[in-house]
Amino acid sequence: MKKFNWEKWPKYNKNHAKAVNEVIVSNQLFAADKVRKFEKAYSNYIGSKYVLGLGNATQGLQLSLHALGIGYGDEVIVTPYSWISSASCVLMQGAIPIFVDIEPESFGISPKSLERAITKKTKAVILVHMFGYPAKVKEISEICKKYSINLIEDASHAHGGKFKNQNLGTFGDISVFSLHQRKALPVGDGGIICTNKKKIFDDIYQMRSFGHKKLSYNYRMTEFAGALGLECLKNLDKENLIRRENHNFLAENLNNSIFRVIEPIKDSYAVYYSNLIEIDLPLKKQKDLLSYANSANLLLKRTWQPLNKNPSFMRENMNNNYAPWDNHYENFEEPNTLNLPISEEYQEKRLFELDCHPLITKKEIKEATEFLKSF
Ligand SMILES: Cc1ncc(COP(=O)(O)O)c(C=O)c1O
């Protein structure tokens, strides 16, 4: 049987090794000059006035909520389609995550469902550009302005992505990017927040490292992460072009009546942290297809399952059995009982992903598409 042997992302070269070695030799390992240089370089790259390096994006999301003054009793609208941090950060602040459904084009939060979910307690929306496919960020930022609520963009998958020629991560009040090893800027663990607002910057600056007066955290980025980030940033645009070419090649070769490679919404510049594929087969056949692909080492995966059903959001798994919605509502629908039909249909039954990162060649993609279609 055919066995695929795709390279793993990322692959570092001698420039990356030199950058890391410089940190070791300098004997300055916690945040200093390299982190500052990286923050400046990212600020120039994205066009945000203030950029701060942190230990990871989860910390960035939590501090974003903190900087917006969000806490006990406040509601934050979140998506069921993301990594857990995009919603667990709300619980970390003692606030209430309100899950609303996604829409079936960008797979981001649905603007219509969002508008219906806004209440007097809503303080912010966390919008995710899943897998580097831009969400309907313009429409959503207009809704946020209309209701005077804050917009946080979780752009952890979307470094270098754009909508209508504007960089993702510059539409909201704050944006957060992950620099985890699997991401397009892979430093091991790291995160950045971007904002144009001085007050937000000042608060996060204080909170990330033993703020002088306020109780705060140690959420600093390391010098290693800063040095690697600087080196990786030099290759980002070039690598994003390869991600886009690989995506188009995958679609050209795979699309048929069963497989549909998902395309981004109009006016998008998507950066394909992964490629979404809709597979029109009964669930049993999908399972067989996954076994067929995985036994050949082809990493076709079912996409992320609805977050509102994640056990972390269930009362019995909360600390001391306390949920932040206690004392605020007479009847609160627990997240796992919500009816979010688009999320359920696509995340549970239709969507798969295949990561064709920049180290994967066209020949390998071609072989993979032929293999999948021969199932
Ligand atoms: C969309 C999204 N947001 C946030 C995070 C959290 O990132 P980190 O691992 O840097 O905390 C991830 C991690 O995969 C993610 O995919």
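These figures come from a predicted structure and were not determined experimentally.

Since the α-helix turns once every 3.6 residues, residues separated by three or four places project in the same direction. Judged by how many residues are buried, helix α3 (residues 57-67) sits mostly within the fold: 11 of 11 residues are covered. Among the residues of α3, A57, T58, Q59, G60, L61, Q62, L63, S64, L65, H66 and A67 are the ones counted as buried. Within two residues after α3, G69 carries a phi angle of roughly 75 degrees, on the positive side.

Within strand β4 (residues 122-128), 7 of the 7 residues are buried, which leaves the element mostly enclosed by the surrounding structure. In this sheet, β4 lies alongside strand β2 (residues 75-78) in parallel orientation, the contact comprising 3 bridges. Note that in β4 the partner of V76 across the bridge is A124. Bridging between β4 and strand β5 (residues 150-154) involves 5 bridges; their strand directions are parallel. Residue pairing in the sheet places A124 in a bridge with N150 of β5. The parallel pair β4 and β5 is bridged by helix α6 (residues 137-146), and the resulting crossover is right-handed.

Below, the discussion takes up the packing of α3 against helix α4 (residues 85-92). It is at 9 Å that the axes of α3 and α4 come closest, and there the two elements cross at 45 degrees. Taken together, the axis directions place α3 and α4 in an arrangement best described as oblique. In the packing of α3 onto α4, the handedness of the crossing is right-handed. Within the contact between the two elements, α3 uses A57, T58, L61, Q62 and L65 and α4 uses S85, S86, C89, V90 and M92. Among the residues making up the contact of α3 with α4, the classes are represented as 6 nonpolar, 4 polar and no charged.

A separate point is the site of the ligand. The ligand sits among 14 residues. The nearest are N56, A57, T58, W83 and S178. For the shell around the ligand, the secondary-structure elements that each account for two or more residues are α3 and α4.

Counting residues in hydrophobic clusters, the biggest one holds 97 residues, and the most contacted among them are V76 and V125. Considering each element in turn, this core owes the most residues, 8 residues, to helix α8 (residues 223-254). If near-sequence neighbours (up to four positions away) are discounted, V76 is found in contact with L65, I70, V90, A95, P97, I98, K123, A124 and I126.

A cis amide bond links W9 to the next residue, P10, at an omega of -5 degrees. Locating P10 in the fold gives a position in the segment before α1 (14-26). Phi at D267 takes a positive value of approximately 70 degrees, unusual for a residue other than glycine. With respect to the helices and strands, D267 occurs in the loop between β10 (259-261) and β11 (268-269). We classify D267 as exposed; it has 12 C-beta atoms within 10 Å. A positive phi is found at Y272, a non-glycine position, where the angle reads about 45 degrees. With respect to the secondary-structure elements, Y272 resides in the loop between β11 and β12 (275-279).

Take helix α7 (residues 198-208) next. Within the span of α7, buried status applies to I200, F201, D203, I204, M207 and R208. All buried residues of α7 project into a common sector of 165 degrees when viewed along the axis, lining one side. Of the exposed residues in α7, the ones pointing more than 90 degrees away from its buried face are K198 and K199. Packed against the buried residues of α7 are β1 (50-54), α3, β8 (174-178) and β9 (191-195). In the segment just after α7, F210 is the residue with positive phi, at about 45 degrees.

To summarise the sheet geometry, strands pair through backbone hydrogen bonds and adopt either a parallel or an antiparallel arrangement. With antiparallel pairing, 4 strands are arranged side by side in an open sheet as β10-β12-β14-β13. Pairing within the sheet leaves two strands with one partner each, and these edge strands are β10 and β13 (301-302). Sheet topology note: the β12/strand β14 (residues 351-354) ladder contains 4 bridges and is antiparallel. Residue pairing across strands places L276 opposite E353, the latter belonging to β14. Contacts between α8 and the sheet are confined to β10 and β12, with β10 contributing the most and set at about 160 degrees to the helix.

Of the two faces of β2, the one holding E75 and I77 and the one holding V76 and V78 are both buried throughout. Examined bridge by bridge, β2 and strand β3 (residues 96-99) share 4 bridges and lie parallel to one another. Bridge assignment links I77 to a residue of β3, and that residue is I98. Where the polypeptide runs from β2 across α4 and back to β3, its parallel neighbour, the crossover connection is right-handed.

Bringing the environment of S64 into the picture now. One can find S64 in helix α3. On the neighbour-count criterion, S64 (29 C-beta atoms within 10 Å) is buried. Separated by 112 residues in sequence, S64 and V176 have C-alpha atoms that sit 8.2 Å apart.

So, on to the sheet that holds β4. Taken in spatial order, the 7 strands of this open sheet run β1-β9-β8-β5-β4-β2-β3, and their pairing is mixed. Since the sheet does not close on itself, it has two edges, and those belong to β1 and β3, each with one partner. Each strand axis lies, on average, 20 degrees off the axis of its neighbour in the sheet, ignoring direction. Packed onto the sheet, α6 meets β4 and β5 and runs at close to 155 degrees relative to β5. In the packing of α7 onto the sheet, contacts are made with β1, β8 and β9, and the angle to β1 comes to roughly 20 degrees.

Conventions adopted
- Residues numbered from 1 in each chain as written.
- Predicted model: local features only at pLDDT ≥ 70, side-chain atom pairs only at ≥ 80, totals over all residues.
- Buried ≥ 20, exposed ≤ 12 C-beta atoms within 10 Å, placed from the backbone.
- Helix = DSSP H or I, 4+ residues; strand = E, 2+ residues; numbered from the N terminus.
- Pairing = 2+ DSSP bridges.
- Right-handed = clockwise from strand over helix to strand, strands pointing away.
- Axes fitted to C-alpha atoms, helices over the stretch in contact; angles between N-to-C directions.
- Parallel < 35°, antiparallel > 145°, perpendicular 65-115°, else oblique.
- Left-handed = near helix turned anticlockwise from the far one by under 90°.
- Contact = placed C-beta atoms within 7 Å.
- Nonpolar A, V, L, I, M, F, W, Y, C, P; charged D, E, K, R; others polar.
- Near = placed C-beta within 6 Å.
- Core = buried A, V, L, I, M, F, W, Y, C linked by C-beta atoms within 7 Å.
- Arc of directions from axis to C-beta.

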